[in-house]
Each structure stands twice: as C-alpha cells, then as structure tokens.
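# Structure at a glance
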2 protein chains.
Amino acid sequence: MTGMYELATAVRRVGDGRFEADVQPGWDIGGNANGGYLLGIAGRAMAEAVGRPPLTVTAHYLAPAPAGPCRVDVQVVRSGRRLATATASLWQGDRQIMQLLGTFGEQQPAFEGEVPYIVGAPPVMPSFEESTAPPPLPDGEVPAIFGKLGIRMRPGDAGFRDGVKSGRAEIGGWFSFADERPVDAIGLLFVADSFPPPVFNTDHPVAWVPTVELTVHVRGVPAPGPLRCEFRSRFIQAGLLEEDGEIWDSTDHLVAQSRQLALVPRPS
Amino acid sequence: MTGMYELATAVRRVGDGRFEADVQPGWDIGGNANGGYLLGIAGRAMAEAVGRPPLTVTAHYLAPAPAGPCRVDVQVVRSGRRLATATASLWQGDRQIMQLLGTFGEQQPAFEGEVPYIVGAPPVMPSFEESTAPPPLPDGEVPAIFGKLGIRMRPGDAGFRDGVKSGRAEIGGWFSFADERPVDAIGLLFVADSFPPPVFNTDHPVAWVPTVELTVHVRGVPAPGPLRCEFRSRFIQAGLLEEDGEIWDSTDHLVAQSRQLALVPRPS
C-alpha cells in the first residue's frame, strides 16, 4: 500500500537528472502549495538521483506554486562513499518555484561506546487525543491539507484565530499522516513546514509569512507512531524572522531540526 | 585603508559570473583554509554578482582547500526588486571545494510602530580584556589565523586543551579583526565559523569536526565595536552534530544566526 504522501510527492524520472511530478490539489493553503510539501517533491527527486536519503537540504522559495505539473532538474555535484551532494531546481513551465542544495547519506548507527550528548527533550504536551485540531483560516475555510494530516496542537497554542494568543512565538503539537503511514526522511522534510507560523501567537500584525529559505537536518530515522514537534521564533525584527523546529519520535529521539528565514510583510 | 579581511577575501571579476580569488596562507587551521573564510570569499563573489549583501547563505563543503588560487562561478537564479537568489561553486583547479546557495538583499529598517519580538540576549561574559585568547592546537602550534583576529573566549570555555572541559558544548567569546576594521555582512559569514567547535568542551572523543553544511542568516548591520558570540551544540548523536551560533553587536542587537551540520568522526 502506498501512502497518500508518497503518492502526492511521487516523481517520475524522464531523463538524466530530470524528473516530472504533479503538485497535487489539496496540499495548499489558499491555493499555493505548502512549502514543505514542495520540498518533499524536490527532495524525493534529489534523493532518487543520488540514491540516498537526505541529511541536510536547503530550499530557497522563488514563487508560489498552484496545483499542476512540475519538473525537477537535479545536478549531482559530488557522489562520495558516504555522502552525496546535489543541487536542484523545481519549475512549473518556465516559472522557477524553488532552488535547492542538499547533502544526502544514510543515517549512521551509533558506534560502540558512543555516549550521545543531548540538551533538550520532546515538548511537553497533552496526549494526541487531548490536543487540538489546527484552527481554520481567517475566512473560516478549513484547508483540505488538514484532512490529510493528523495534526494536533498544544491547546494553549491553538487559540490565535479566536483572539487568544499565547504571547509566545511557539507552537507545539503532534504530527502524523491521516493514513498513519510511517514518516521517513522525505516525510520529515514536509513535517518541518506543516504547522502554522509561531509568530501568529504574538501581537505582531502579520497575516502571512513567506519563506525565503528553509533548511532541514535529518537526524534520525523516526520510530513508528506520531511525532512531537515544537516550532519557535526568537527574533522577529526589521522585516525578518527565523523559525526553528524540532521533531521528536515516539522513543524520545530527535529525528529532525529545521530552521527557516521568512519575511515579515509590513501591515498594509 | 582596506582591511586585512577584505584583502584576504577579495575577488576579481573575470567574466560573466566568473570570479578569481586567492585562498591566502595564514587563514587555515593545520593547512586547510577555515570554512568561514572560504565562505567569505564565495559569499563576496555572490554578493558582487547580484549587487547586494547576503541575507541567507548556505555552503556545503566538499573538499579541504590549501592556500592557492581559486575561482568562484556564480549563477544568478532570480533577481527581484528586493531579493536576489544565486548559486555558486568554488574551485581550485578541477577540484570543487564548495557548493553554495544564497539569497541576497539589503537589511530593511524597522517600520514605524514595529515592536520587535526578541527572546534572547547577548552572552554574559567578562570584558574583552578579561577574556582568554584561544588555546593553541594539540601540537602546541598557535595558528597564524589567531594573529589576524581579536578573538577572546569566555575563560571557563577556553581550558579544553589543558584538560579543563566545561562539560557543556558551549563556547562564548568576543570577535573582532586584529586591525579593528568594522565587520560587515560579508565579515559575519566568517565570524560564524571562527571559534573552536563547542564539542571540544564535552567528553566526546573527537579531534576534528568536518562541516557538511553551514547556513548563516544575516539579521542586521553590526554597529562598530567587538561582537559577542555564542556557539552551542545540543544534539551530538550517531555521527552528526549541529552547531548553532548567535552573533550580537555592541548595541545588543542580534546581527547573525548560524547553524552547521558536521560529522563526528569515530575515534580511530
């Protein structure tokens, strides 16, 4: 059985380093495909081109993408014993949507005697069942993408549409696909951009937060079960913010870190 | 008067998007040029190609670089009203040293009425004069690069060569160029990789930490005076670590954030 995310990010190799794919409807917010979903498509093409899963992928977003066909051109920069590096561009017709750069390689098992150094822990949250579905958009619409995901937010972080902002630029929550398929490294690329922007929980008068650049570090292979995520912005200043994410699996292992730089448009 | 860092990272345009430069001796650790210094060369070429300073630049490191001539090939991906995106590769002969992707644009002034949201503060440290010069290498050598920099480390973070490790993967300190030239956006690219790896302050038996990928977000224009920096690793596991940096100016503004993914080689 192929999962809905695998289907929605499937790529077809049509030439040396050339892939075709479809930006599917229903993975958008307000008509523009989610940035993490697009990263899933491009990252899958890059991973197929180099034959390894992603370790660190950076995407720069150039234009929004509606549903429709796209192509990904991948150029392998170097393919070594452990690591491979590639660049890629994602296009719809003659409009470039993204430019990417990534290094790929299998996760290594811990070596004998290795003592991990970990400062941090999964976010503290109520159970999946006691957490809150993401709020609808300001116009009341519930995006179709929510139906594809089992996202549940920490209740105190989920009231920003009802005027109940936490005052902290933080959003924690649970992630799974609605079909409960396991999340692999290509899935983690999507998870990193699947929650509402934490800035919505501050008084900053911002309605949308266009991503300039998103980098995801894959730090482990997730064990089965819902993931716990925490997204946070610490510096919202002079028209820019960063958003950091941590993704933890059901065995309390950090499986990904993400950071994006986004524009904070001036209120109009 | 041109500063020594500007001279050491100078690039000469030799064609459309083609630059030549020299990896200068004395900006290395053990014969291989510092990664932040190389990022300074490549970032300067990219900035000149697009005519704007860097906002976010990602470099993937493919091979170490000895002193000697290099070239940087820059390809402008998009040049818009506010932002420009470019890729680049840095070569020595037919050996590729780095692959890069960045978005460039002027820092925006805060808009009227904007209230910055800031969670964080400059690292708490003794004065520049009361802080500690970086320790020599394990073989006792004092790298020539230290003579070019006014780096002073938080005293408790600087004893790792003498067997006095703090136990925390943290290194704080002051940064300036020895010639006290102001640090601009191209300079910040270097600062982000100018301190010893924080992992040296843990019991992890690691002697070198090759960078896979380094991303620097430029978040402001530094005011004159030494910068305060804090570098930290929080997850050292299964052969990989991340290293996060914050760089603050003399007026307590965050001027850059950095994150790198690095390999933790197994002890041999």
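Looking only at helices and strands, one finds 4 helices and 16 strands in chain A. Compactness check: chain A gives a C-alpha radius of gyration of 18 Å against a globular reference of 18 Å for 268 residues, within 12% of the reference. Projected onto the principal axes, the alpha-carbon positions of chain A cover approximately 55 × 50 × 40 Å. For chain A, the proportion of its 268 residues judged to be buried stands at 60%. A fraction of 67% describes how many contacts in chain A between residues 6 or more apart in sequence connect residues 24 or more apart.

The next thing to look at is the side chain of His60(A). Within the secondary structure, His60(A) is located in strand S5 (residues 54–61). The class for His60(A) is buried, based on a relative accessible area of 0%. A polar contact is formed between the side chain of His60(A) and the side chain of Thr103(B), at a distance of 2.7 Å. Look past the residues within four positions of His60(A) in its chain and what remains in contact with it is Ile97(A), Met98(A), Gln99(A), Val212(A), Glu213(A), Thr56(B), Thr85(B), Leu101(B), Gly102(B) and Thr103(B).

Okay, the relation of the copies chain B and chain A next. Superposing chain B onto chain A takes a rotation of 180° plus a shift of 0.0 Å along the axis, which leaves an RMSD of 0.0 Å. Such a combination of turn and shift is consistent with a two-fold rotation axis. Relative to the rotation axis, the C-alpha of Leu101(B) is the closest in chain B, positioned 3.4 Å from it. Mapped onto chain A, 100% of the interface residues of chain B are again interface residues, and the two copies thus contact each other with one and the same surface.

Listed as interface residues are 63 residues of chain B and, on the opposing side, 63 residues of chain A. Each partner contributes to the roughly 5600 Å² buried at the junction of chain B and chain A, and carbon and sulfur atoms together form 56% of this total. Among the residues of chain B in contact with chain A, Tyr117(B), Arg219(B) and Arg259(B) are the three that bury the most area, contributing 14% of the side total. The interface formed by chain B and chain A contains 6 salt bridges. As a salt-bridge pair, Glu242(B) and Arg219(A) come within 3.1 Å of each other at their nearest N and O atoms. Linking chain B with chain A are 30 residue pairs in polar contact (both at pLDDT 80 or more), by the criterion used here. Considering only residue class, the side of chain B that touches chain A consists of 28 nonpolar, 23 polar and 12 charged.

With that settled, the discussion passes to the packing of aromatic side chains. Residue and element names in this part refer to chain A. By the definition in use, this model includes 24 aromatic pairs over all chains. Taking 6.0 Å as the distance between ring centres and 70° as the angle between the ring planes, the aromatic pair formed by Phe175 and Phe190 counts as edge-to-face. One end of the pair, Phe175, is in strand S11 (residues 170–175); the other, Phe190, is in helix H4 (residues 185–191), and 15 residues separate them in sequence. For the pair Phe175 and Phe190, a shared accessibility class is recorded, and that class is buried. Ring centres of Phe195 and Phe231 lie 5.3 Å apart, and the angle between their planes is 35°; this geometry places the pair in the tilted category.

Right, let's talk about helix H2 (residues 35–50) of chain A for a bit. Residue and element names in this part refer to chain A. Compared with the 22 Å implied by 1.5 Å per residue over 16 residues, the 22 Å span of H2 between its first and last C-alpha is a close match. Among the 16 residues that make up H2, 14 are buried, leaving the element largely enclosed by the rest of the structure. For H2, the N-terminal cap is Asn34; the gap from its side-chain oxygen to the backbone nitrogen of Gly36 is 2.7 Å. One or two positions beyond H2, positive phi appears at Gly51, with a value near 70°.

All names here are of chain A. Within the secondary structure, Val14 sits in strand S1 (residues 11–15). For Val14, a relative accessible area of 46% puts it in the partly exposed group. Linking Val14 and Leu90, residues 76 residues apart in sequence, is a C-alpha distance of 14 Å. Not counting the four nearest positions on each side in its chain, Val14 is found in contact with Phe19 and Glu20.

Phi at Ala238(A) takes a positive value of approximately 50°, unusual for a residue other than glycine. If you trace the backbone, Ala238(A) turns up in the loop between strand S14 (235–237) and strand S15 (240–248). On the accessibility criterion, Ala238(A) (18% relative accessible area) is buried. Notably, Glu180(B) is not glycine yet its phi reads approximately 60°, a positive angle. Position of Glu180(B) relative to the elements: it lies in the loop between strand S11 (170–175) and helix H4 (185–191). Relative accessible area serves as the criterion here: at 67%, Glu180(B) is assigned to the exposed category.

Our next topic: the environment of Glu213(B). Following the sequence through the fold, Glu213(B) ends up in strand S12 (residues 211–218). Expressed as a C-alpha distance, the spacing of Glu213(B) and Pro182(B), which sit 31 residues apart in the sequence, is 26 Å. Sequence-distant contacts of Glu213(B), defined by excluding residues within four places in its chain, comprise Thr56(A), Thr215(A), His217(A), Thr58(B), Ala59(B), His60(B), Arg259(B), Gln260(B) and Leu261(B). Of the polar contacts made by the side chain of Glu213(B), one reaches the side chain of Thr56(A); its length is 2.6 Å.

Glancing now at the confidence of the model for chain A. On average, chain A scores 95 in pLDDT, and the residues at 70 or more come to 100%. Per the prediction output, this complex has pTM 0.97; the corresponding ipTM is 0.97.

The next thing to look at is the pairing of strand S1 (residues 11–15) of chain B. All names here are of chain B. As paired elements, S1 and strand S2 (residues 18–23) share 4 bridges and run antiparallel to each other. Note that in S2 the partner of Val11 across the bridge is Ala21. Where S1 folds back on S2, the antiparallel hairpin that results is connected by 2 residues, among which Gly17 adopts a positive phi of roughly 75°.

Before going further, it helps to examine the environment of Ala185(B). Residues and elements named next belong to chain B. Position of Ala185 among the secondary structure elements: in helix H4. By relative accessible area, Ala185 is classed as buried at 16%. Distance from Ala185 to Glu213, taken between C-alpha atoms, is 19 Å for residues 28 residues apart in sequence. Aside from chain neighbours lying at most four places away, what touches Ala185 is Pro53, Pro54 and Val218.

Calculation criteria
- Residues numbered from 1 in each chain as written.
- Chains lettered and ligands numbered in written order.
- Predicted model: local features only at pLDDT ≥ 70, side-chain atom pairs only at ≥ 80, totals over all residues.
- Heavy atoms only, no water.
- Helix = DSSP H or I, 4+ residues; strand = E, 2+ residues; numbered from the N terminus.
- Rg over C-alpha atoms; globule rule 2.2 N^0.38 Å.
- Buried < 20%, exposed > 50% of the residue type's maximum accessible area, 1.4 Å probe, protein only.
- Contact = heavy atoms within 4.5 Å.
- Polar contact = N/O pair within 3.5 Å; in protein donor to acceptor, adjacent residues only side chain to side chain.
- Least-squares fit on C-alpha atoms with pLDDT ≥ 70 in both.
- Buried area = accessible area lost by both parts, 1.4 Å probe.
- Salt bridge = Lys/Arg side-chain N within 4 Å of Asp/Glu carboxyl O.
- Nonpolar A, V, L, I, M, F, W, Y, C, P; charged D, E, K, R; others polar.
- Phe/Tyr/Trp six-rings, centres within 6.5 Å; stacked < 30°, edge-to-face > 60°.
- Expected span 1.5 Å × (residues − 1).
- pLDDT = per-residue confidence, 0-100.
- Pairing = 2+ DSSP bridges.

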